[in-house]
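Spelled out, the chains give:
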Amino acid sequence: QVQLVESGGGLVQAGGSLRLSCAASGRTFSSYAMGWFRQAPGKEREFVAAISWSGGSTDYADAVKGRFTISRDNAKNTVYLQMNSLKPEDTAVYYCNQDRSIVTMRRTQFGSWGQGTQVTVSS
């Protein structure tokens, strides 16, 4: 069973930046693709970004493409999400998770999640 701990959220003005971190334990981190997801109040959780086990491939939701960058450090068992040019519509609780492949990340039904980290963007 994987344990996921997200951090780095906060309150930021529109146009600002934040860097989220997700520390994973319980599985061989470097064997799994990692993904970021978010859930805004009253909405379903949605895919944000994913990165392959090696870091060589990435995938982004259209809403964040060009503004967010996902990266990973396999030595630290950590995945990051650099968020720039933040908009009020980016306000949500952000979660990470892991999957066997970046290809399936968008549609996998995950059985468990971490506590998430709140990102609030003021206008």
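Keep in mind that what you see is a predicted model, and the values were worked out from it rather than measured.

**Describing the sheet that holds strand S9 (residues 92-99)**
Part 1 of the reasoning: Read across the sheet, six strands follow the order S2-S10-S9-S4-S5-S6 without closing on themselves; strand pairing throughout is mixed. A strand with exactly one partner marks an edge of an open sheet, and here the two such strands are strand S2 (10-13) and strand S6 (58-60). Adjacent strand axes in the sheet meet at a mean angle of 25° when their direction is disregarded.
Part 2 of the reasoning: Pairing geometry for S2 and strand S10 (residues 117-122), over four bridges, is parallel. Along S10, the bridge assignment pairs valine 12 with valine 121.

**Overview of the pattern of salt bridges**
Part 1 of the reasoning: Applying the stated criterion across every chain yields a total of five salt bridges.
Part 2 of the reasoning: The partner of arginine 67 in a salt bridge is aspartate 90, with the nearest N and O atoms 2.8 Å apart. Here aspartate 90 lies in the loop between strand S8 (78-83) and S9 and arginine 67 lies in the loop between S6 and strand S7 (68-73), a separation of 23 residues in the sequence.
Part 3 of the reasoning: With relative accessibility at 11%, the residue arginine 67 sits in the buried group.
Part 4 of the reasoning: The class of aspartate 90 is buried, set by a relative accessible area of 0%.
Part 5 of the reasoning: Residues participating in the shared-partner salt-bridge network are Arg38, Glu46, Arg67 and Asp90.

**Here's the deal with the nonpolar core**
Part 1 of the reasoning: Membership of the largest hydrophobic core comes to 35 residues, with the highest contact counts inside it found for Trp36, Val79, Leu81, Met83 and Tyr94.
Part 2 of the reasoning: For this core, the secondary structure elements donating two or more residues are strand S3 (18-25), strand S4 (33-39), strand S5 (46-51), S7, S8, S9 and S10.
Part 3 of the reasoning: The element contributing the most residues to this core is S5, with five residues.
Part 4 of the reasoning: Filtering out sequence-adjacent residues up to four positions away, tyrosine 94 remains in contact with Glu6, Leu20, Trp36, Phe37, Arg38, Val48, Phe68, Leu81, Met83, Gly116, Thr117 and Val119.

**Observations regarding the sheet that holds strand S1 (residues 3-7)**
One key point about sheets: their strands pair by backbone hydrogen bonds, in either a parallel or an antiparallel sense.
Part 1 of the reasoning: The sheet built from four strands is open, its strands ordered S1-S3-S8-S7 with antiparallel pairing. Both edges of this open sheet fall to S1 and S7, since each of them pairs with a single strand only. Direction aside, neighbouring strands of the sheet carry axes that sit 15° apart on average.
Part 2 of the reasoning: Looking at chain direction, S1 and S3 are connected through five bridges and run antiparallel. When the bridges of S3 are listed, leucine 4 appears paired with alanine 24.

**Re the environment of threonine 91**
Part 1 of the reasoning: Within the fold, threonine 91 resides in the loop between S8 and S9.
Part 2 of the reasoning: On a C-alpha basis, the gap between threonine 91 and alanine 40 in space is 6.4 Å, while along the polypeptide they are 51 residues apart.
Part 3 of the reasoning: In this structure threonine 91 touches Ala40, Gln118, Val119, Thr120 and Val121, once residues within four positions along its chain are discounted.
Part 4 of the reasoning: From its side chain, threonine 91 meets the backbone oxygen of proline 88 in a polar contact 2.9 Å long.

Procedures and definitions
Residues numbered from 1 in each chain as written. Predicted model: local features only at pLDDT ≥ 70, side-chain atom pairs only at ≥ 80, totals over all residues. Heavy atoms only, no water. Pairing = 2+ DSSP bridges. Helix = DSSP H or I, 4+ residues; strand = E, 2+ residues; numbered from the N terminus. Axes fitted to C-alpha atoms, helices over the stretch in contact; angles between N-to-C directions. Salt bridge = Lys/Arg side-chain N within 4 Å of Asp/Glu carboxyl O. Buried < 20%, exposed > 50% of the residue type's maximum accessible area, 1.4 Å probe, protein only. Core = buried A, V, L, I, M, F, W, Y, C linked by side-chain atoms within 4.5 Å. Contact = heavy atoms within 4.5 Å. Polar contact = N/O pair within 3.5 Å; in protein donor to acceptor, adjacent residues only side chain to side chain.

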